Amino acid sequence: MPLSSHPITTRVLFVAGSMRSGSTLIGRALGGLPGFVDVGEVHWFWEHCVNPVARCGCGMNLRGCVFWGQVVLDLERDNVDLEQVASDARTLLRTRSLGRVWLRRIAPGPSHKWSVLLRASELLFASIESRSHGAVIVDSSKLLPHFTLLREMTDVDLRVLHLVRDGRAVAHSWQKRQRSPFLTMLIWMIQNCLMELASRRLPYRSRVLYEVFADRPVKAVQRVLGELELTPHVLEGPLTDIALPPTHGIGGSSRARFSGETAEIALDDEWRTNLAPVTRAALTLIGMPLLKRYGYRLWH
Ligand SMILES: [Zn+2]
């Protein structure tokens, strides 16, 4: 049956939040549960289709991967122009395009390209759903334009996990990549505020702090799945362990994606000692409203 006549509602668990918040690890943890599949940052799919060097979590490129290779064939059977969609996704699925995406109904803009991308993405998720035998799809894309795309898809049951990591830790992580920690803190605040705004009307949403997840992953995952009403029916008794099995996830942190079964859920808090005191104090002042909202200690 062609995907275009696929009638089943696809369940998607979207991991929202800012970059470098631990979403690759939490995606792998959730994707390791019975009835779930971790696909990583799906917004990268189109780019990976046309880039033979880009690798899946299994180490293969998309066409060579046993999972994504079938998905690519499904889309080609449905006459999806992968080159064209990759080009449209490159333009539209970027944070800087969010204004154009949100305003496209009232201002001249990318309506046609958006429609093409939307239809192709519906077929993509229908194929993932089919190839994973109806599993809940864990998509850790985080990007707001991609979230908007998911919200507009037909036959998608969308649930949101808002993952938050202390903005000072995120700023320290980006500082190691030569980005200003103050700019990072501002972006962290904007992204988290916009995510709360964009998802406020969804019936199923939950929030977890990365620090809480790293400290007690079983308890954190139990609570999140309960709030999202996604607790696996096949579990016999309570959840007792969280594993990080290898996945076919794409994008995200290379260290967390390609580390196989050696990956660990660990709290990285070296920012507490490595950030200069003045920088740390300034970051705390800038981020104070949201740091307080999420329950972080401000000064020690
Ligand atoms: Zn793979």
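Since the model is a prediction, treat every value here as computed from it, not as a measurement.

Visitor: Would you mind going over the overall build of the protein with me for this structure?
Guide: Within the protein one finds 14 helices and five strands. With respect to the principal axes defined by its C-alpha atoms, the protein has extents near 60 × 55 × 40 Å. When burial is assessed residue by residue, the protein has 42% of its 300 residues classed as buried.

Visitor: Explain the packing of helix α8 (residues 167-175) against helix α14 (residues 277-293) here, please?
Guide: When two helices pack together, their arrangement is given by the angle between their axes and by how far apart the axes lie. Running from amino to carboxyl end, α8 crosses α14 at an angle of 135°, the nearest separation of the two axes being 9 Å. Taken together, α8 and α14 sit at an angle that is classed as oblique. Packed against α8, whose contacting residues are G167, R168 and A171, the element α14 presents R280, L283, T284, G287, L290 and L291 at the interface. In terms of residue class, the contact of α8 with α14 is built from four nonpolar, three polar and two charged.

Visitor: Would you mind showing me how to read unusual backbone geometry here?
Guide: Peptide bonds are, in most cases, trans, and in most cases residues other than glycine have a negative phi. Residues other than glycine seldom take positive phi values, yet N79 does so here, at roughly 60°. With respect to the secondary-structure elements, N79 resides in the loop between α3 (68-77) and α4 (82-92). Given 9 C-beta atoms within 10 Å, N79 falls into the exposed group.

Visitor: Would you explain the environment of D157 in this entry?
Guide: Within the secondary structure, D157 is located in strand β4 (residues 156-164). Along the backbone, D157 and R131 are 26 residues apart, and their C-alpha atoms lie at a distance of 17 Å. The contacts of D157, once residues within four sequence positions are left out, are T9, T10, R11 and V12.

Visitor: I keep staring at the sheet that holds β4 and nothing clicks. Help me out?
Guide: Across a sheet, strands are paired by hydrogen bonds formed along the backbone, either parallel or antiparallel in direction. Ordered in space as β2-β3-β1-β4-β5, the five strands form an open sheet in which the pairing is parallel. A single partner strand is all that each edge strand has here, and the edge strands are β2 (36-40) and β5 (205-209). On average, each strand axis in the sheet is inclined to that of its neighbour by 25°, with strand direction left out of account. Strands in contact with helix α1 (residues 23-31) are β1 (10-16), β2, β3 (136-142) and β4; relative to β2, the strand with the most contacts, it is inclined by about 155°. Of the strands in this sheet, β1, β2, β3 and β4 touch helix α6 (residues 111-131), which is tilted by about 110° from β1.

Visitor: Sorry if this is basic, but what is going on with the pairing of β3 here?
Guide: Looking down a regular strand, the side chains alternate between one sheet face and the other. Buried residues dominate β3, accounting for seven of its seven residues. Side chains V136, V138, S140 and K142 of β3 all project onto a buried face; the interleaved residues I137, D139 and S141 project onto the opposite face, where all are buried too. Sheet topology places β1 next to β3; four bridges connect them, and they run parallel. In the sheet register, L13 faces β3, and the bridge partner there is V138.

Visitor: Would you mind going over the packing of α8 against helix α9 (residues 181-199) with me for this structure?
Guide: Put simply, α8 and α9 touch, their axes get as near as 8 Å, and they point 135° apart. Considered as vectors, α8 and α9 are oriented oblique to each other. The two elements α8 and α9 meet at a crossing, and its hand is right-handed. Packed against α8, whose contacting residues are G167, V170, A171, H172, W174 and Q175, the element α9 presents P181, T184, M185, W188 and M189 at the interface. Looking at side-chain class alone, the contact of α8 with α9 contains seven nonpolar, four polar and no charged residues.

Visitor: Can you help me understand α1 in this one?
Guide: Structurally, the α-helix is built with 3.6 residues per turn, so residues lying three or four positions apart point the same way. Judged by how many residues are buried, α1 sits mostly within the fold: nine of nine residues are covered. All of the buried residues along α1 are S23, T24, L25, I26, G27, R28, A29, L30 and G31.

Visitor: Got a minute to help me understand the environment of G249 in this structure?
Guide: Structurally, the position occupied by G249 is in the loop between α11 (217-227) and α12 (254-257). The exposure class of G249 is buried, given the 27 C-beta atoms found within 10 Å. Remark: the alpha-carbon pair of G249 and V37, spanning 212 residues in sequence, is separated by 8.8 Å.

Visitor: Explain the nonpolar core here, please?
Guide: Most often, soluble globular proteins have nonpolar side chains that are buried together. Grouped together as the largest cluster of nonpolar side chains are 64 residues, with contacts concentrated most on L13, F14, I137 and V138. For this core, the element with the highest residue contribution is α6, accounting for eight residues. Leaving out residues up to four positions away in the same chain, F14 has contacts with D139, F147, L150, L158 and V160. Residues V170, A171, W174 and L283 belong to the second largest nonpolar core, which totals eight residues.

Visitor: Would you mind showing me how to read α11 here?
Guide: Inspection of α11 places P217, A220, V221, V224 and L225 among the buried residues, and these make up the whole buried set. Down the axis of α11, the sector holding all buried residues measures 125°, keeping them to one side. Residues of α11 that are buried sit in contact with α1, β4, β5 and α10 (210-215).

Visitor: Explanation requested: the pairing of β4 in the structure shown.
Guide: Within β4, eight of the nine residues are buried, which leaves it mostly tucked inside the rest of the structure. Two elements, β1 and β4, share seven bridges in a ladder whose sense is parallel. What sits directly across from F14, in β4, is V160. As paired elements, β4 and β5 share five bridges and run parallel to each other. Bridged to L163 within β5 is V208.

The rules behind these values
- Residues numbered from 1 in each chain as written.
- Predicted model: local features only at pLDDT ≥ 70, side-chain atom pairs only at ≥ 80, totals over all residues.
- Helix = DSSP H or I, 4+ residues; strand = E, 2+ residues; numbered from the N terminus.
- Buried ≥ 20, exposed ≤ 12 C-beta atoms within 10 Å, placed from the backbone.
- Axes fitted to C-alpha atoms, helices over the stretch in contact; angles between N-to-C directions.
- Parallel < 35°, antiparallel > 145°, perpendicular 65-115°, else oblique.
- Contact = placed C-beta atoms within 7 Å.
- Nonpolar A, V, L, I, M, F, W, Y, C, P; charged D, E, K, R; others polar.
- Pairing = 2+ DSSP bridges.
- Left-handed = near helix turned anticlockwise from the far one by under 90°.
- Core = buried A, V, L, I, M, F, W, Y, C linked by C-beta atoms within 7 Å.
- Arc of directions from axis to C-beta.

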